[in-house]
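# Inside the fold
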Amino acid sequence: MTMSEFRQRLLKWCRIAVGGPWGIVAWMVSGFSAAAIIVWGIKTVAIPLLMLKTASWGIWGFGVVKESRARDKDSKV
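Parameters and conventions
- Sequence order as written defines residue numbering, which begins from 1 separately in each chain.
- Totals for whole chains, interfaces and linings use every residue, but because this is a predicted model, local features are given only for residues with pLDDT of at least 70 and side-chain atom pairs only at 80 or more, for both listing and counting.
- Excluding hydrogens and water, the side-chain values take into account all heavy atoms of the structure.
- Each patch is built from salt-bridge-free residues with over 30% relative accessible area, joining like charges within 9 Å and nonpolar side chains (Val, Leu, Ile, Met, Phe, Trp, Tyr) within 5 Å.
- Methods summary: accessible areas were calculated by the Shrake-Rupley approach with a probe of 1.4 Å, and residue burial reflects only the protein chains presented.
- Throughout this description, the term salt bridge denotes a Lys or Arg side-chain nitrogen within 4 Å of a carboxyl oxygen of Asp or Glu.
- Helix and strand definitions here come from DSSP, where helices need a minimum of 4 consecutive H or I residues and strands a minimum of 2 consecutive E residues; each element is numbered from the N-terminal end.
- Exposure categories follow from relative accessible area, calculated using a 1.4 Å probe and restricted to protein chains: below 20% of the type maximum is buried, above 50% is exposed, and the middle band is partly exposed.
- Contact criterion: two residues are considered in contact whenever any of their non-hydrogen atoms come within 4.5 Å of each other.

Looking now at a nonpolar patch on the surface. Residues Val18, Ile24, Trp27, Met28 and Phe32 make up a contiguous nonpolar surface patch of roughly 560 Å² in combined accessible area. Within the secondary structure, tryptophan 27 sits in helix 2 (residues 20-40). For tryptophan 27, a relative accessible area of 57% puts it in the exposed group.

The next thing to look at is the side chain of glutamate 67. When you line up the elements, glutamate 67 lands in helix 3 (residues 46-76). On the basis of relative accessible area, glutamate 67 is assigned to the buried category, the value being 13%. In contact with glutamate 67, other than residues within four places in its own chain, are Arg15, Ile16, Gly19, Gly20 and Pro21.

We now examine the pattern of salt bridges. If you walk through the whole model with that rule in mind, you get one salt bridge. For arginine 15, the salt bridge identified is with glutamate 67, shortest N-O distance 2.8 Å. Pair noted here: arginine 15 is in helix 1 (residues 3-18) and glutamate 67 is in helix 3, with a separation of 52 residues, a long-range link. Given the relative accessible area of 44%, arginine 15 is considered partly exposed.

Written as structure tokens, this is what we have:
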């Protein structure tokens, strides 16, 4: 395995771990919810925070599944 092949594999695995573009959206939602805690406090945003975190985990999971399927397609070609 050459260094460029290693870099390509590493990039694909990192993209799967992040969740691709959908994962970036999920990370942003998670960041906004953390900022809301800092601004308004945990007691004020407890229920909306729970909903946002659940949604962000779901979006991230969707992105990971989508990226791993794309990786499988690329490896079969």
